[in-house]
Each structure stands twice: as structure tokens, then as C-alpha cells.
Amino acid sequence: MAQIDIPLSGRRAQDVPVQHLDTNYLNVSKGLLSWFLTLDHKRIGVMYLLGITGAFALGGLAALGFRLELFRPGMQYMTHEQYNQFFTVHGAVMVFLFIIPGIPAALGNMVLPLMLGAKDVAFPRLNLGSFYLWMIGAFFFLWTLIGGGLDTGWTFYTPYSSTLSSTAVIQATAGAFVLGFSSIFTGLNFIVTIHKMRPPGMTWHKLPLFLWGMYATAVIQVLATPVLGITLLMLIMERALGIGIFDPANGGDPVLFQHFFWFYSHPAVYIMILPAMAIVSELIATFSRKHIFGYKMIAYSSVSIALLSFLVWGHHMFVSGQSALSGVIFSAITFTIAIPSAIKVFNWLATIYRGSVSLETPMLYALEFIWLFTIGGLTGLFLSVMSTDVVLHDTYFVVAHFHYVMVGGTLFAFLGGLHYWWPKMIGRMYDEGLSRLASITAFIGFNLAFFPQFIMGSKGMPRRYADYKPDFTLYHQLSTIGTLVLGAGILMIVYTLVKSIFSGKKAPANPWGGATMEWECPSPPPHFNFEHPPHASDPYDMERVKWDEQVGGWVPVPGYQSRVHH
Amino acid sequence: MSHDHGHGDKPFLAHHFEDEDHQFDSGKLGIWVFLVTEILFFSGLFCAYAIYRSMHPEVFVFASKALDTKWGAINTCVLLFSSLTAAWAVRNAQLGQKNRLVMNLALTIACAFGFMGIKYVEYTHKFHVGLKPGDLYAPVEGAYPEKGHGHARAVTVALDHSADPEAHDVAHEAGAGEHPVQEAHAAAPEHAADGEHGHTMVPWDDPRVPTEIKNRLKIFFGIYFCMTGLHGIHVLLGIVVFFWLLGRAIRGHFTPTYYGPVDFSALYWHLVDLIWIYLFPLLYLIH
Amino acid sequence: MSHSEQTAAQHGAHAHGDDHAHGSHHVLPRWLLLGTWAALMSLTGLTVFSAQYHLGAFDVPIAMTIATIKGLLVMLIFMHLAWDKGFHSVLIFGSLLFVWLFVGFLLIDRGQYQGSKTQFDRDVIQSQP
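Residues numbered from 1 in each chain as written. Chains lettered and ligands numbered in written order. Predicted model: local features only at pLDDT ≥ 70, side-chain atom pairs only at ≥ 80, totals over all residues.

A. Inspection of the overall build of chain C at higher detail. Helix and strand content of chain C: five helices and zero strands. Across chain C, helices and strands are ordered from the amino to the carboxyl terminus as α-α-α-α-α. Counting all 129 residues of chain C, 27% fall into the buried class. (Helix = DSSP H or I, 4+ residues; strand = E, 2+ residues; numbered from the N terminus. Buried ≥ 20, exposed ≤ 12 C-beta atoms within 10 Å, placed from the backbone.)

Put into C-alpha cells, the structure is as follows:
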């Protein structure tokens, strides 16, 4: 039924795995409805990818808007209220609509079942339901934008959000509530899929590290997100009816809202970064052509980060009126998060060491990730010390810190993963030179945008201010120029990828030499992923595959016997 | 979508599972993970409850008297019985007893309606006497029953010795909300020294109790309506799910090898029951 | 579809995913269903009964203990946890651990900074025992 369109001169078909199929998941059925009603995890992944790209564009334009306003001191073309709305929209859209669903829902949906050699996730209908919840959440956010904007900051702190703000807080919180459930159901699906759909031979210790990261992420999604749900529900009730839970006038307590909010939102920070680390583990191993160093340590550090993430929420509240006792406890536990994070970085570096590193685009992103994440992580230590945090709290230092982690970390890893799996997803190769140039442009732009923010933050520039003293002008101008360069880099990336759809050369099944299972099915995969379910072995045994000039990609070594690695 | 049901002789086995046990185990893990999310979802309300009860115990003691223990207890029994029928329905499904399965599912639905009916009666009464959540709170005369809570009718109001105790009390308290900072400076040292002597006991309906303190009673109703309302929404969802099960049971879909949906829905229903088991003493039996 | 059947046949001998340890299909005997229900009803009666007596500091612990016993009966028997995979118990009791972490920490923190919220201190209003 399927046509193999590579020449097989002189070889039996079994020697070379099928590289392309005429009928694949992209064209197996036609029409918009076949996409909107699909239960195929790959199509759902593609739809998520389109959705989050739209959200990213919206959030990015908002950022560009207020960065241009900040180019000079004084107000140029915005009112103070508009400025508040711009940074709130940037934060809320980027967090709830882009970063949180970004890697798990878009790339995770695409890759997770393929890595397991499975036909689909455990609950395909629920998976489609999650996507529609994401859509509904996105519509609520659009409604927010049209129906009065939002100026509370993405954190919705009370009592401003519950009694003072005149913007569309209820629509926005309802949107975040619905998006929370989208995230919960994705996490639930992935937990069950990883538990129950592993192929024969894939024990927990042969699970690719991407899946360990997704599993740890899913644990957080399932445990923490419901608390956000109920918090936002209470906020809606508070705002609509004044039930008094967060209102001191009624005997309530606004600090309680911050506790509730950060009980979710701190773990949510790890929903953002754990999948990014998971991608980087794959990229580093593949492009160093070396077995990943410290497999178990990387795997367990993901899980320990997930669990520790529930014990540190109070470090967002050092100056907000929580007790000194809580401050000490949360500060101490926050230091310990550095340990599993550093374990990962050291293991990645050890993997690169003496590997045969090739700097293809995904690897470039992985290296940029290590650089940026290390800066972001180390500056986090400054903020976990209570005494320095009191000085740095709510300054641009904090802004720079979490952008280094969330953009430098998560966005760059997302882009790395996107470039890594793009040939699998679309079946086309992109222009390697152009995409490397785009990656470096984005990297330079990012550093230019955010490094000056560390300096101005430590000099006392408060975050979320629409105006500033002329002393800070230089840093703000560098930052705005950096934002424009970053934006240009992103546009180049989009251009490169879109161009590849139309004029890229056909991708082989395994263009990079990865040893995980998703590279064993054709690019793009057929509807059911695998003609014959592959047998699992060590996912980082790089000697299992060799470059084949005729195929133009990597193929399994015939009759290869895996050596024991541990 | 033909590919959904790839196994010809097993109409409800989805294509991506190997066999019925694989599908059942996956579904079972899925529903347990879902119940975990439900527990954490409700935990926020329990947390709010714990904080406010510890901050304002007198509010909870007094306001809960407006709830009718009789209806609460009856509703507990109704839900416990429905849990029994739900558990029995699983047994029927496992044993392939179609008619009894249909009967037990129908009984569960009937109990769920009974529960919601009683809740409707309770809510209607609360609204009628003005015991509504939040800003709508406007109790009519006699909203709180007179009988059975003599000890709970008292509230201790702080007195400030620096002024005339008789006249001071009400005025001082009334101003508290407006100038908390100055008040704190003025009053805190004396309090530390005087302890219990700074307080006097007055009934809740004493005219000297300032309105904003009386209005704190609405915290209780805010939490009451949030908790029971969210629980009620779960009961309604349960009704929908059990009607769906009932339809499938009548059509004979469930067999001893395929009864996952009955089992999973029953688990959800037990969790709804479990939450009520805690809500009942926490809301109705405070003293 | 022959393809799926082949797949199933290939996999038949292997453990797939987590092992298929059985116990999922335990059927509750009638006496246990009725006995559990009777115990739950009696405990409901007990908690209503005990609420008529004022035991001061013991009121809440007693009510919560009874509720927890009822909850355990529902979970272990009606929800089959006693016969089910251990992992499901880990999930549910683990989630309760997180609830305790959440509620407990907030109560501790609330108790710590309660003293600084003076406007509440002054009009502290307490129920008379």
C-alpha cells in the first residue's frame, strides 16, 4: 500500500528501514474537519503548535510595545494604564498560553507516543479535549483583550484584582482556570501513557530522558494545577460576590491569595523548565554521539526537582507579609533546588566532554540553553537569600533572572526541540545555514535584551514601572534594541521553518543519528506510527545507528548487539 | 472513525490497547490520577475553611447554627446509600448481572436527585432569610434560629481602657476598619498588658456589636456556598455520567471483561461521597 | 485488523508497561458491601450524637476522626483500594500528603503572622466556651 521512494539498488528492502511513505499522518485524510476531530496525537500536536505560535506572537508584540515605550524616560505613546495592560497581557499570555503548554502539549504530544513505540497516548479523546480546553482558554483571553484589558499583572494579586481593578479580571481568570484544566488533562494522559504504554523491554531505566522529564512535569501538572483552579475560582467569587476570603474588610487575608497562587505557580515554573531540560538531555546525547553521562542522576533529578518544587513557594513572598519563620524555611529549601539543577548541567557537560560534537541547529540551541540557564539559575541563588532578596525584590534583577530561565531556558530549548523534531513532524529538512544564523541572532538579541536588566535591577530600577529616571536610560535602550534583535531572530526562525515546508528536501527517517524510537518510523510517521512496533533497547546507545550515504540519514546497524552500559 | 475500534470481536477495545486488561488498567490509573486532582482541587477550599475557622472561630460557631443538622444528616445518609448502590453496581457489572446493574445505577441516580432536592430546599431557605454569600448577605430578622445555641450567641468584643468603657466600645470598634495603623499603635501595648480584662462579652445581636463585625458572619456563608456549591456541581456531573452508564447498561454494553466505565464512574462517585463525609461535620456540626 | 492482532500476539508473552499484576477485578461480596454501609451509617449517627455534647478542644478531633474512619472505609472497601494495585494507594495517600503540606504550612504561617495583624487582635472576638 505504501510506496518506498528511495532507491534500493542491490539491497533487500529489509536492510534499510522505510524512510518516507506516500501516505502519512499529514495527508491520510483531508479537510479541516479531519483535523478538528482528529484523535491522532501528532495532528493534535501540530494544532497545538499553531495555537501556541499565535499566542507567542501576541505576547511578543505586547512585549515589543512596552519595550519601545521604555526606550526613553517619560511617556512616549502610552498612558500609564495602557502600559500596565501591555505588560500584563505579555505576562499572562506568555505564561498561560505559551510556555506552560508549549513543550508538553505541542512537542510532547508529537513525540511522546513515538518515543514509546506506541500508536497513541492512552486517552486520545481526552487529548483532543485538552486541546479544545486550550482553545476555550485562549478565547477567554481574547475576550479579556476586547472587553477591557487586564492590568493586574499575570499574578492576579488581591486586593487589586478583587476589588480595585476595573479591567476584565473575571474573563482572564476564567481563561486561566480553563487552561489549567487543559494542562491537568495533558499531564494525566502522559502519566498513564508512560506507565501503561511502554513497549516490551522498556523498563523505567531505559526510558528516554525526555520521557522522564515529561513524567516529572506531568506529576506537577496533576498535583499543583488543581490548586490554581480553586484559587482562581475563589478569586472569581470574591470579585463577583465579595465573599471575603481575600478581603481584609470582611475578615479575610490578601496574603492568603499569594500563598494559594504560589502553591501552584512555583511548581508551574518547573512545568516550564523541566520539559526544556528534558529536550536538552536528548539533544546533547544525540549531537555528542555519546551515551548520555549519568543517566540515572538526570532522571532522578527531574523527579526530585518536581517534588522540591512544592516546598519553595514562599520565596515569592519574602517581602509580602508572610512570617519570618516561613521565610527562613522557604529560603533554606530553595537553595536545595540548586542541587538537582546543577546535577543536570554537570552531566550535560560531561556528556559533551570528548564527544564528537556536531554543531547542527538543535545542538546550537542546546548549548545556548546551557549558557543561559546557568546564568538564570545562578542569579536565582541571589534571590533565594532573604537579605539580598529584600533589596532585589520587584526590581529588574528579578525580571532578568526569570527571563533567563523561562526564555533563555524554556524558549531556547523549545526551539531546539522544534528544530530537532521538525524533520520528523513535517518530513522536510530546513536550511541549516539560515537556521543557525537565526539561532545565533536570537541568542545575541536575548542577551542584549536581558543582561542589562541585571545591572539596572541591582541599581534599583523597579519592575513594572512605566517611567524611570534618566540614569537608567542606557540600560533600557540596550534592552529595547536587544528585544528588536531577538524579534528579528524569531522572524528568521519562522521564515526558515515555513520555507522548509515548501522547498525543503525530504527528510530521512533519522536525520540526526538519534537512538530513541521516534527515529525508527518514517518521516513523517504514518497514521499508526509504526508498521512493526520496535523493540526497546538502551535509548542512548549511539552505536546502534550508522550514517548511510545512500539514504542520506542514519540507519540501524544490522544485527547490532547492544553492549551493557551500566 | 473506524480506526477507533480495531479489534473486531471486542467492540469497545480501542485500537491502541493490546487487550481488555490493558485498557482497563490504563483507565483505572487514569481515574485515580483524576481523583488526585479532584482532592487537590477541593483542598483549596478546605484550606480556606481551616484558616478562617482558626481566625474567627466565633463566626463559625454562631453562623453554622443557621444550618439544619437534620437535613445535613439525611443528605449524608442519602449519599452513603448511593455509594452502596454504586459499589453494588460494580459488583453486578463484574458478574454480568444486567438487570441488577440497571437497577443499582437507577437507584444511584435517584439518590443523587434526592440529594440535590434536599440541597435545593436548604439553599432556598437560606436565600429566603437573606443568608446569601458575599455582598448579597442581608439576614432578615430571625434568620438565625433562637433555640439551641445559647452559648454560641455571645461574642467577645475588645474594650479599650484608655477611654470610657461604656461609650467607647461601639465607637472604637466602628472606627477600627478605617484607621488600622493608628489604632494598632494606640491599642496594642495596652492589650498586651491587660489581656482578658480588655474584653467584654456581648451577644451577637447586641446593638453595641458593630455592623462590620456582625457582617463577618458572611464569611461562613461564603465558604458554605463555595464548598457545597462545588460539591453540588460534582453531584450534577455524576448524574450526567450515571445516566450515560444507565443507557449503556440497558443496551447491554457491559460484560465481566468490559465494565471499566462502571468501575471508574463509581470511583468518582465515591470521591464525591468522601468529600461530603468531611463537609457534613465541618459545616453542620460546629459548636 | 490482522495487524493489531499480530501486535497483541507478539506482545502477549511480554510484560507491557507496568506489569499486569492482577487484583483489579476483585468482586466485593454482598455481606461486605452491606456491612460497610451499615458501619458508615452507624458512624454518621455517632458523629451527630457526639456533636450534642461539648467536649471543648476534643470536638473537632473527634468529628474529624470519625470522618476519617468513614473515609477510609469508603476508600479501602467501596473503592477497592484494599485489593487494588499498591500504586493507586500511593497516589491517593500521596495526594493527601500534599494537601497536608498545603493546609499545614498555611496554618503555621497564619499562626505566625497573626500577631502582626493588630486590627484583628484588638477586636478579637471569640466564642465563649
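Read on, since the account is not over.
B. Expanded view of the overall build of chain B. Helices and strands together make up the secondary structure of chain B, namely nine helices and two strands. When contacts within chain B are restricted to residue pairs at least 6 apart in sequence, long-range pairs at least 24 apart make up 76% of them. (Contact = placed C-beta atoms within 7 Å.)

C. Geometry of the environment of A:T388. Note that A:T388 resides in helix 12 (residues 386–392). Put simply, A:T388 and A:L21 are 367 residues apart on the chain and 59 Å apart in space, counted from C-alpha to C-alpha.

D. Quick look at the packing of helix 7 (residues 209–241) of chain A against helix 1 (residues 20–55) of chain B. Relative orientation of the contacting elements helix 7 of chain A and helix 1 of chain B amounts to 40 degrees, with a least axis distance of 8 Å. When the interaxial angle is binned, helix 7 of chain A and helix 1 of chain B end up oblique. Between helix 7 of chain A and helix 1 of chain B lies a crossing of right-handed hand. Each of A:V222, A:L223, A:P226, A:V227, A:G229, A:I230, A:T231 and A:M234 in helix 7 of chain A lies in contact with helix 1 of chain B, whose residues at this interface are B:V33, B:V36, B:T37, B:L40, B:F41, B:S43, B:G44, B:L45 and B:A48. Partitioning the contact of helix 7 of chain A with helix 1 of chain B into residue classes produces 12 nonpolar, five polar and no charged. (Axes fitted to C-alpha atoms, helices over the stretch in contact; angles between N-to-C directions. Parallel < 35°, antiparallel > 145°, perpendicular 65-115°, else oblique. Left-handed = near helix turned anticlockwise from the far one by under 90°. Nonpolar A, V, L, I, M, F, W, Y, C, P; charged D, E, K, R; others polar.)

E. Representation of the packing of helix 4 (residues 124–146) of chain A against helix 6 (residues 169–196) of chain A. All names here are of chain A. The N-to-C vectors of helix 4 and helix 6 enclose an angle of 165 degrees; their axes lie 8 Å apart at closest approach. When the axis of helix 4 is compared with that of helix 6, the two are roughly antiparallel. The interaxial crossing formed by helix 4 with helix 6 has left-handed handedness. In this structure, helix 4 contributes L126, N127, G129, S130, L133, W134, I136, G137, F140, F141, W143 and T144 to the contact, and helix 6 contributes Q171, A172, A174, G175, V178, L179, F181, S182, F185, T186 and N189.

F. A look at the pairing of strand 1 (residues 545–548) of chain A. Residue and element names in this part refer to chain A. One ladder, built from four bridges, connects strand 1 with strand 2 (residues 553–556); its direction is antiparallel. Bridge assignment links W547 to a residue of strand 2, and that residue is W554. Hairpin connection between strand 1 and strand 2: a loop of four residues separates the two successive antiparallel strands, and G552 in this loop has a positive phi of roughly 75 degrees. (Pairing = 2+ DSSP bridges.)

G. Broad picture of the nonpolar core. A:V93, A:Y215, A:V280, A:F369 and B:V33 are the most contacted members of the largest nonpolar core, which has 284 residues in total. Top element by residues in this core is helix 8 (residues 254–288) of chain A. It accounts for 24 residues. Excluding its chain neighbours within four sequence positions, the residues that come into contact with A:Y215 are A:F190, A:I191 and A:I194. (Core = buried A, V, L, I, M, F, W, Y, C linked by C-beta atoms within 7 Å.)

H. Seen up close, the environment of A:S166. Residue and element names in this part refer to chain A. Residue placement: S166 occurs in the loop between helix 5 (160–164) and helix 6. For S166, a count of 9 C-beta atoms within 10 Å puts it in the exposed group. Considering only alpha carbons, one finds S166 and D151, 15 residues apart in sequence, at a separation of 8.5 Å.

I. View of helix 9 (residues 295–308) of chain A. Residue and element names in this part refer to chain A. Helix length check: helix 9 (14 residues) gives 20 Å between terminal C-alpha atoms against 20 Å at 1.5 Å per residue, within 8%. Among all positions in helix 9, only Y295, I298, A299, S301, S302, I305 and A306 are buried. One face of helix 9 carries all of its buried residues, which in axial projection span an arc of 160 degrees. (Expected span 1.5 Å × (residues − 1). Arc of directions from axis to C-beta.)

J. Local environment of unusual backbone geometry. All names here are of chain A. At the junction of T158 and P159, the peptide bond is cis and its omega measures out at 0 degrees in the coordinates. Among the structural elements, P159 can be located in the loop between helix 4 and helix 5. Here the residue pair S523 and P524 is connected by a cis peptide bond, since its omega of -15 degrees sits within 30 degrees of zero. You can see P524 is positioned in the loop between helix 15 (473–503) and strand 1. We note that F156 has phi near 55 degrees; this positive angle belongs to a residue other than glycine. Within the secondary structure, F156 sits in the loop between helix 4 and helix 5. Although it is not a glycine, R289 sits at a positive phi angle of roughly 50 degrees. With respect to the helices and strands, the residue R289 is situated in the loop between helix 8 and helix 9. We classify R289 as partly exposed; it has 16 C-beta atoms within 10 Å.

K. Region of interest: the confidence of the model for chain C. Residues and elements named next belong to chain C. Taken residue by residue, chain C gives an average pLDDT of 76. The fraction at 70 or more is 68%. No element of chain C has a lower mean pLDDT than helix 1 (residues 2–12), which averages 38, and none a higher one than helix 2 (residues 30–50), which averages 95. pLDDT under 50 marks residues 1–16. Its contacts with residues more than four places away, or in other chains, come to 16 contacts. Contacts from residues 118–129, a stretch scored under 50 in pLDDT, to residues over four places away or in other chains number 35 contacts. (pLDDT = per-residue confidence, 0-100.)

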